[in-house]
Amino acid sequence: MNDANGYLLEVEGVRKAFPGVLALDDMHINLRYGEVLALVGENGAGKSTLMKLLSGIYVPDAGSFRLQGQPFTPENPKHALESGISIIHQEFNLMPHLTVAQNIYIGREPRRGLVLSDRELNRRAAELVDRLGLPLDIRATVSDLTVANQQMVEIAKALSYDARVLIMDEPTAALNDAEVRTLHGLIRRFIREDTGVIYISHRMDELKAIAGRITVIRDGRYVGTLDTAKTGMREVITLMVGRTLTSDARPVDVRDGRETVLDVDGLSTKELLRDVSFTLGKGEILGFAGLMGAGRTEVARALVGADKASGGTIRVHGRQVRIHTPAEAAELGIGYLSEDRKQLGLLLEHDVSENITLPSLRERFSRWGLVDRLMARRAAKEVADRLTIKTPSIRQTTKFLSGGNQQKVVIAKWLVKDCDILIFDEPTRGIDVGAKEEIYALLNSLAQQGKAIIMISSELPEVLRMSHRIVVMTEGRVSGILSADEATQESVMHLATLRPNENPEDAAELGLLDLHSTEPKAV
Amino acid sequence: MTSLLSRAEGATDRATWIAAARNRLQQLLAFASLIVIFTFFSFANSAFPTYSNVINILFSTVVIGTLALGTTFVIITGGIDLSIGTGMALCAVMSGVFIVDAGLPVIIGVPLAILFGGLIGLVNGLNVAVLKLPPFIATLAMMLVAQGLALVISNSTPIYFTDNPGYIKISTGELIPALNIPNAVLVLVAAAVIAGFLLSKTLLGRYTYSIGSNEAATALSGIDVRRWKIVIYTLAGLFTGLAGVMISARLGSAQPATGMGYELQAIAAVVIGGTSLAGGKGSIIGTVIGALIISVLNNGLQIMSIPQEWQNVILGLVILVAVYADMVRKKEA
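Calculation rules
- Residues numbered from 1 in each chain as written.
- Chains lettered and ligands numbered in written order.
- Predicted model: local features only at pLDDT ≥ 70, side-chain atom pairs only at ≥ 80, totals over all residues.
- Heavy atoms only, no water.
- Helix = DSSP H or I, 4+ residues; strand = E, 2+ residues; numbered from the N terminus.
- Rg over C-alpha atoms; globule rule 2.2 N^0.38 Å.
- Buried < 20%, exposed > 50% of the residue type's maximum accessible area, 1.4 Å probe, protein only.
- Contact = heavy atoms within 4.5 Å.
- Lys, Arg positive; Asp, Glu negative; His and termini not counted.
- Charge placed at Lys NZ, Arg CZ, Asp CG, Glu CD.
- Buried area = accessible area lost by both parts, 1.4 Å probe.
- Salt bridge = Lys/Arg side-chain N within 4 Å of Asp/Glu carboxyl O.
- Polar contact = N/O pair within 3.5 Å; in protein donor to acceptor, adjacent residues only side chain to side chain.
- Nonpolar A, V, L, I, M, F, W, Y, C, P; charged D, E, K, R; others polar.
- Pairing = 2+ DSSP bridges.
- Axes fitted to C-alpha atoms, helices over the stretch in contact; angles between N-to-C directions.
- Expected span 1.5 Å × (residues − 1).
- Domains from an automatic or database assignment.
- Core = buried A, V, L, I, M, F, W, Y, C linked by side-chain atoms within 4.5 Å.
- Arc of directions from axis to C-beta.

**Considering the overall build of chain B**
Then, number 1: A count of helices and strands for chain B gives 13 helices and two strands.
Then, number 2: Taken against the 2.2 N^0.38 rule, which gives 20 Å for 333 residues, the C-alpha radius of gyration of chain B at 21 Å falls within 12% of a compact globule.
Then, number 3: Referenced to the eigenvectors of the C-alpha coordinate spread, the extents of chain B come out at roughly 65 × 55 × 40 Å.
Then, number 4: By residue count, 52% of the 333 residues in chain B fall in the buried class.
Then, number 5: Restricting to contacts in chain B with at least 6 residues of sequence separation, those with at least 24 account for 78%.
Then, number 6: Seen as two clouds, the 16 positive and the 12 negative side-chain charges of chain B have centres 11 Å apart.

**Quick word on the interface of chain A and chain B**
Then, number 1: Between chain A and chain B, the residue contacts involve 32 residues of the former and 30 residues of the latter.
Then, number 2: Roughly 2600 Å² is buried in total at the junction of chain A and chain B, and carbon and sulfur atoms are behind 59% of that figure.
Then, number 3: Its largest share of buried area at the contact with chain B, chain A owes to His97, Leu116 and Arg139 of chain A, together 20% of the area lost on that side.
Then, number 4: Between the two partners, chain A and chain B, sit one salt bridge.
Then, number 5: Note that Arg206 of chain B is salt-bridged to Asp118 of chain A, the shortest N-O span being 3.0 Å.
Then, number 6: Where chain A meets chain B, there are seven residue pairs in polar contact (both at pLDDT 80 or more).
Then, number 7: Residue assignment for the side of chain A that touches chain B shows that the elements contributing at least two residues are helix H2 (77-82), strand E8 (115-116) and helix H4 (118-132) of chain A.
Then, number 8: When residues of the side of chain A that touches chain B are assigned to their parent elements, the largest contribution, six residues, is made by H4 of chain A.
Then, number 9: Of the residues assigned to the side of chain A that touches chain B, the class counts are 15 nonpolar, five polar and twelve charged.

**Re the sheet that holds strand E3 (residues 36-40) of chain A**
Residues and elements named next belong to chain A.
Then, number 1: Judged by pairing direction, the sheet is mixed, and its six strands sit side by side in the order E6-E9-E10-E3-E11-E12 without closing on themselves. Edge positions in the sheet fall to strand E6 (85-88) and strand E12 (221-227), since each of these pairs with one other strand and no more. Strand-to-strand twist in this sheet, taken as the mean axis angle between neighbours without regard to direction, amounts to 20°.
Then, number 2: Here strand E9 (residues 165-169) runs beside strand E10 (residues 196-200); their pairing, made up of five bridges, is parallel. Residue Val165 lies in a different strand from E10, and its bridge partner there is Gly196.
Then, number 3: Against the sheet, helix H8 (residues 233-241) touches E3, strand E11 (213-218) and E12, its axis set at about 25° to E11.

**Here we look at helix H5 (residues 147-159) of chain A**
Residue and element names in this part refer to chain A.
Then, number 1: The end-to-end C-alpha distance of H5 is 18 Å, a good match for the 18 Å that 13 residues give at a rise of 1.5 Å each.
Then, number 2: Residues of H5 that are buried: Ala148, Gln150, Gln151, Met152, Val153, Glu154, Ile155, Ala156, Lys157, Ala158 and Leu159.
Then, number 3: For H5, the secondary structure elements touched by its buried residues are E6, helix H3 (100-104), H4, E9 and helix H6 (177-190).

**As for the domain arrangement of chain A**
All names here are of chain A.
Then, number 1: If you check the domain split of chain A, you get domain 1 (1-84 + 164-244), domain 2 (91-161) and domain 3 (260-343 + 419-509).
Then, number 2: Each of domain 1 and domain 3 was reduced to a C-alpha centroid, and the two centroids are 31 Å apart.
Then, number 3: Residue-level contacts link 17 residues of domain 1 with 18 residues of domain 3.
Then, number 4: Where domain 1 abuts domain 3, roughly 1600 Å² becomes buried across the two surfaces, and 48% of that area is made up of carbon and sulfur atoms.
Then, number 5: Linking domain 1 to domain 3 there are zero salt bridges.

**Details of the nonpolar core**
In a soluble, globular protein the nonpolar side chains are often hidden away together inside.
Then, number 1: Counting 99 residues, the largest nonpolar core has Met168, Tyr199, Ile356, Ile411, Leu446 and Val492 of chain A as the members making the most contacts within it.
Then, number 2: If you look at the next biggest cluster of nonpolar residues, it comprises 61 residues, including Leu116 of chain A together with Val62, Ile99 and Ile284 of chain B.

**What about the side chain of Thr357 of chain A?**
All names here are of chain A.
Then, number 1: Here Thr357 shows up in helix H12 (residues 352-357).
Then, number 2: Residue Thr357 is classed as buried on the basis of its relative accessible area, which comes to 3%.
Then, number 3: In this view, Thr357 contacts Phe365, Ala376 and Ala380; residues no more than four positions away in its chain are not counted.

**Quick notes on the environment of Val130 of chain B**
Residues and elements named next belong to chain B.
Then, number 1: Mapped onto the secondary structure, Val130 falls in the loop between helix H4 (106-129) and helix H5 (135-154).
Then, number 2: Note on Val130: relative accessible area 40%, which makes it partly exposed.
Then, number 3: For Val130, the residues in contact, after removing those within four places along its chain, are Gly125, Arg226 and Ile230.

**Some remarks on the pattern of salt bridges**
Then, number 1: In the structure shown here, the tally under the stated rule is 20 salt bridges over all chains.
Then, number 2: Between Asp385 of chain A and Lys381 of chain A there is a salt bridge, with its nearest N and O atoms 3.1 Å apart. In this pair, Asp385 of chain A and Lys381 of chain A both sit in helix H14 (residues 373-386), four residues apart, roughly one turn of the helix.
Then, number 3: The class for Lys381 of chain A is partly exposed, based on a relative accessible area of 41%.
Then, number 4: Between Lys229 of chain B and Glu215 of chain B there is a salt bridge; the shortest N-O distance is 3.1 Å. Separated by 14 residues along the polypeptide, Lys229 of chain B in helix H10 (residues 225-251) and Glu215 of chain B in helix H9 (residues 215-220) bring together distant segments of the chain.
Then, number 5: Take Lys229 of chain B: its relative accessible area is 14%, and that puts it in the buried class.
Then, number 6: Glu215 of chain B sits in the partly exposed class, given a relative accessible area of 35%.
Then, number 7: Within the structure, one salt-bridge network assembled from shared partners comprises Glu120, Arg123, Arg124 and Glu127 of chain A.

**A word on the sheet that holds strand E21 (residues 421-425) of chain A**
Residue and element names in this part refer to chain A.
Then, number 1: An order of E18-E21-E22-E15-E23-E24 is seen for the six strands of this open sheet, with the pairing classed as mixed. Two strands in the sheet have a free side with no partner beyond their single neighbour: strand E18 (334-337) and strand E24 (477-483). Across the sheet, the mean angle from the axis of one strand to that of its neighbour is 20°, orientation sign disregarded.
Then, number 2: When strand E15 (residues 285-290) meets strand E22 (residues 452-456), the two strands line up parallel, connected through four bridges. Following the sheet pairing, Gly287 is matched in E22 by Met455.
Then, number 3: This element, helix H18 (residues 489-497), spans E15, strand E23 (469-474) and E24 of the sheet and lies at about 30° to E23.

**Overview of the side chain of Thr208 of chain B**
Then, number 1: Along the chain, Thr208 of chain B turns up in helix H8 (residues 203-213).
Then, number 2: There is a polar contact of 2.6 Å between the side chain of Thr208 of chain B and the backbone oxygen of Leu204 of chain B.

**A closer look at H4 of chain A**
An α-helical turn contains 3.6 residues, so a residue and the one three or four places further along point in the same direction.
Residues and elements named next belong to chain A.
Then, number 1: With 15 residues, H4 should cover 21 Å at 1.5 Å per step; its first-to-last C-alpha distance of 21 Å lies within 8% of that length.
Then, number 2: Within the sequence span of H4, burial applies to Leu121, Asn122, Ala125, Ala126, Leu128, Val129 and Leu132. Axial view of H4: buried residues confined to an arc of 165°, hence all on one face. Facing away from the buried side of H4, by more than 90 degrees, are the exposed residues Arg119 and Arg131.
Then, number 3: Of the residues one or two after H4, Gly133 is the one with positive phi, at around 65°.

**Concerning the pairing of E21 of chain A**
All names here are of chain A.
Then, number 1: Extensive coverage of E21 is indicated by the burial of five of its five residues.
Then, number 2: Because side chains alternate across E21, one face comprises the buried residues Ile421, Ile423 and Asp425, and the other comprises Leu422 and Phe424, equally buried.
Then, number 3: Where E18 lies against E21, four bridges are found, and the strand directions are parallel. Directly across from Gly335, in E21, lies its bridge partner Leu422.
Then, number 4: Strand direction decides the pairing type here: E21 and E22, joined by five bridges, are parallel. In the strand pairing of E22, Ile421 is matched with Ala452.

Right, here's the structure in full:
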């Protein structure tokens, strides 16, 4: 090939730590000339950190990169681009108010002296778009384009730099099948002897279609590289989830025939959710699993009225209700504990007692608009003790509490409010292992007291050990609901990555046919 | 290749034209409102639609208009500049210091006063881009500093240009005697043309929109956002300096205690003209129309003998209606 070892891009033993987190450790990737290499890994496996290192936004703590056999140290995004590495991030880096042509050539505007030459700009852009065969109007404003076309603009921009290495992070997350085919066509045309693509995706079906090899990473480490042609899906997924459960704990008190507390039928939103239906029983813990962007949080937000639902019905205790705001949800006894505790769940500068009593101030702790602070503090103290919130006093400023104890404060809020349906979104994110166990114990005891609980989590082991049933989501839809018996890391992961009706062979290989019905076969 | 190209362009012409028209709608709306308001006053009072009164309206637009031109750039980046009102007063005082106290010729003193405005803007730019202070805070502080400095430097007394008739002619002289148009109006037109050129035809303008549209993406595209922000705030400062010259030339004196409040009128003009405070969107022509709407309102209400106090109430309502109409339009789009 072009040089001795024949690799276009090499990542050698790269390590990157952030305070409290080892994001990447001893990472290896070898991209050959002329290949599409798939990179797969669970949420948080370290993919986005790797991209930020390659574009020079972060500097590695150890290890190095080699580009065409030469040592490569990206200094900043521009340097990486000019060295031939183009990265298309999952979040678009476009200027929505500018036109397609202006976006593609941002930072490289053709001009005569001081004056921009829009004629030349549009000519170049038209030529590029024509050459790539993209259905883009180069004079259109980007905010007027569909998501798929915005993606095309990103690709045109990346290719306009004469990229040698193209890195795409979940490029098809927002695309339909026809658009995916167009994208794959583009990638095939981009691939030459001296170019290569790193294709990050969770969609196993696509990897088979486009990638020659699959590199699996897990928890920031290199796990292995497989030949797509010789590899079954089962093998890839086993490598991906390979981590063993942190404990052998299983959900407690699993049984059928619970009284239905919440019945959601056909919930949809304009943006993402399509026909989401499920029921939640008294004393039940219902897990929500799925990959990033599958729509788990969106279900919770639409349910409590934080986002506008475009269709579907919600029944609480058998009565059909319409919920427009989180306040109305709270009136009905539905509490939503946001995934973003610090931004949306707590007033960090205020004390524990104020936080705990905030949602119920009006009904329980005030008269004629005056707050009865003593009564509020007494109630806060009582619930803080019950949840064993570790704080020197309930007057302590909340930001000084540990992550686990902050989470307990959020839970306390909704207990004081007397909610009987609690939606936990990533309840243990950013909490250390010991505190996690406490939160788990707390969730179990709440369920045993008859609270109905929805637990949304990106950590599969956590969903498996806690949930009586698991709703698995893909691309805004429910792809299956598994009972505690049926649920394993593999079965959940398959539901989360496959679109079984579109890939019968893979689904058959895994014994997962008919999964688009909500009554899945046991694995 | 050529034929391919022209085909692609032909096919998209119509869609592009429609999109462009939609983008211009706010400006068209603003322009239509200007016409409606003007027509209303014309029917209400026959003293309103005369040549001399129209010139009057243009003349009274000069100071707010000049400030608004510069601040349009800052607002399109998603920033704000509160220091332009008192900054203008400080530049007027500096103009007096250069020309009256130091006795420099007008042709040197005026550019110096304008450059002094650029210096104020430069400091704002450094505070915003390098120290990363929120623009609201950085320029609020500068607003107080400029007000204080204007009073300190002038000993809290106005500086009169009585002995410099050439200076006063910058505003009230008539370069083209036949038209009866004061020079100040010509200066405003020239300033607007320059601002329009910078915003629509140069890198500075392109990056102004780009930063306001998505600052992180602009930086990732390899553009030195910090440097351009400094340039943009400095440019706004230069317009502040020009406004300082124009107001002191018109009054025949530099009034150190004035200025406060002008920044809000200028921001109002920008907003009425369809520039979004969220950044990414706006135009110079819109700002000019916005400034004219404010002048026409003030002038018309005055002619109808409506008290000054009520003029402010009406201006406030106009801002609410203009911005709300823009929001409704955006939701529908």
